[in-house]
Each structure stands twice: as structure tokens, then as C-alpha cells.
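# Chain and residue survey
For reference, the chains in residue letters:
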Amino acid sequence: MSDNYTAIQAEMSADASESVAEWPTDDSPPLRIEPARLLRRCVPHRGRVLRFMGAAAVPLAGLSIVFFPLAFLALPLAAITWCVGRIDLVRMRAGFMDPNGERLTYEAVNDAFGSFVLLAGGAVMWGAIIFWMGS
């Protein structure tokens, strides 16, 4: 039993010394990651979908100034677009998501913010109309 134990120990130490010899030293060049390999391991971007959602939220928010019930469609659409878009931008900058959709996602977030501005303006206007009619 002790012969088997020493043979295994000798084999393990030989494997360990070989693996240590393969480690890079400080003067070795840094590892390069090919962009194609990096993109294959990333989650695909949702830029087109978010851009469509943001582009749909803007006219709905604009029309909610005239017809207020449309705000109940525009608000959740803009909120989802803004939240998911911000998360996706963080993932793209961290390298976990395909960065090719960064421009589309950024535009979608901006559209969602514009929708919030239009919705706030419509809410203030409708609030003033309701207050004025009630007085």
C-alpha cells in the first residue's frame, strides 16, 4: 500500500512541475482575445427590439397629450424600454453582451426618456385642465 501511495505522489509531483513550467512569466506577452471569439460567447443584443419599443413609445406619449388614456400604454412601454436598455448598455460595456447593438440601445433609451418628458408634460397639462374645470 505504501508503494502505491509513493508512486501516486511521485506522479502527482511530476504533473505539477510540468504544469508550473507552462505558466506564463512576467516577461511573456499579454493574452490576446480575438474579437470573433469574444462575440461568440456574448449574449446577443436586443437593440432592434428596444429601438422599436422606444420609437413606439414616443408617438403614444405625444398623442397622450390629446387623448390621455394613451398614457397608460406609453408609460409602461417607455419604462420597460428604459430599464432594459440601461441594463443592456451596462452588459455591453462589461463585455457580457454583443456590443454591436450599443447605438440602437442608446437611441432606445433616449426615446424612452423623451417619452417620459412628453408624458410628464401631458400629465401637467391634463392636471391643469381638470383643476381649472373644477374651480
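Everything numeric in this text was worked out from a predicted model, so none of it was measured.

### Comments concerning the environment of alanine 112
Tracing the sequence through the fold places alanine 112 in helix 5 (residues 102-134). Using a relative accessible area of 0% as the deciding quantity, one classes alanine 112 as buried. Taking C-alpha positions, alanine 112 is 4.7 Å from alanine 78, a pair spaced 34 residues apart along the chain.

### What to know about the pattern of salt bridges
Taken as a whole, this structure holds five salt bridges when the rule is applied. Two residues, aspartate 88 and arginine 46, come together in a salt bridge whose shortest N-O distance is 2.6 Å. Of this pair, aspartate 88 sits in helix 4 (residues 71-94) while arginine 46 is found in the loop between helix 2 (35-40) and helix 3 (47-63), placing the two residues 42 residues apart along the sequence. Overall, arginine 46 belongs to the partly exposed group, its relative accessible area being 36%. With a closest N to O distance of 3.2 Å, arginine 93 and glutamate 102 form a salt bridge. Its relative accessible area of 27% is what places glutamate 102 among the partly exposed residues. Linked through salt bridges whose partners overlap, the residues forming this network are Arg51, Arg103, Glu107 and Asp111.

### Thoughts on the side chain of threonine 81
Inspection of the secondary structure assignment puts threonine 81 in helix 4. Classification of threonine 81 as buried rests on a relative accessible area of 0%. Excluding its chain neighbours within four sequence positions, the residues that come into contact with threonine 81 are Leu50, Met53, Gly54, Ala108 and Ala112.

### Considerations on the confidence of the model for the protein chain
Averaged over the protein chain, the pLDDT score is 82; the fraction of residues at 70 or greater is 70%. At the level of individual helices and strands, the protein chain shows its lowest average pLDDT in helix 2, which scores 54, and its highest in helix 3, which scores 95.

### Concerning helix 3
Taking 1.5 Å of rise per residue, the 17 residues of helix 3 would be expected to cover 24 Å, and the 25 Å separating its terminal C-alpha atoms lies within 8% of that figure. Every buried residue of helix 3 is accounted for by Gly47, Leu50, Met53, Gly54, Ala57 and Ala61. All buried residues of helix 3 project into a common sector of 125° when viewed along the axis, lining one side. Relative to its buried face, helix 3 has exposed residues pointing more than 90 degrees away, namely Arg48, Val49 and Phe52. Of the surrounding elements, those touching the buried residues of helix 3 are helix 4 and helix 5.

### Brief notes about the packing of aromatic side chains
This model, assessed by the stated rule, comprises two aromatic pairs. Between the aromatic rings of phenylalanine 68 and phenylalanine 72, the centroid separation amounts to 5.8 Å while the plane-to-plane angle is 80°, which identifies the pairing as edge-to-face. Phenylalanine 68 sits in the partly exposed class, given a relative accessible area of 31%. Ring geometry for phenylalanine 68 versus tryptophan 126: centroids 6.2 Å apart, planes at 55°, classification tilted. A residue pair is termed long-range when its members are at least 10 positions apart, and phenylalanine 68 in the loop between helix 3 and helix 4 and tryptophan 126 in helix 5 qualify at 58 residues.

### Brief notes about a nonpolar patch on the surface
Taken together, the side chains of Met125, Ile129, Trp132 and Met133 present a nonpolar region at the surface, about 460 Å² in accessible area. Topologically, tryptophan 132 is positioned in helix 5.

### Some words on the environment of leucine 73
Considering the arrangement of structural elements, one finds leucine 73 in helix 4. Given a relative accessible area of 52%, leucine 73 falls into the exposed group. Sequence separation of leucine 73 and alanine 61 is 12 residues, and the distance between their C-alpha atoms is 8.4 Å.

What counts and how
- Residues numbered from 1 in each chain as written.
- Predicted model: local features only at pLDDT ≥ 70, side-chain atom pairs only at ≥ 80, totals over all residues.
- Heavy atoms only, no water.
- Helix = DSSP H or I, 4+ residues; strand = E, 2+ residues; numbered from the N terminus.
- Buried < 20%, exposed > 50% of the residue type's maximum accessible area, 1.4 Å probe, protein only.
- Salt bridge = Lys/Arg side-chain N within 4 Å of Asp/Glu carboxyl O.
- Contact = heavy atoms within 4.5 Å.
- pLDDT = per-residue confidence, 0-100.
- Expected span 1.5 Å × (residues − 1).
- Arc of directions from axis to C-beta.
- Phe/Tyr/Trp six-rings, centres within 6.5 Å; stacked < 30°, edge-to-face > 60°.
- Patch = residues over 30% accessible without salt bridge, like charges linked within 9 Å, V, L, I, M, F, W, Y side chains within 5 Å.
- Areas by Shrake-Rupley, 256 points an atom, 1.4 Å probe, with all protein chains shown as cover.

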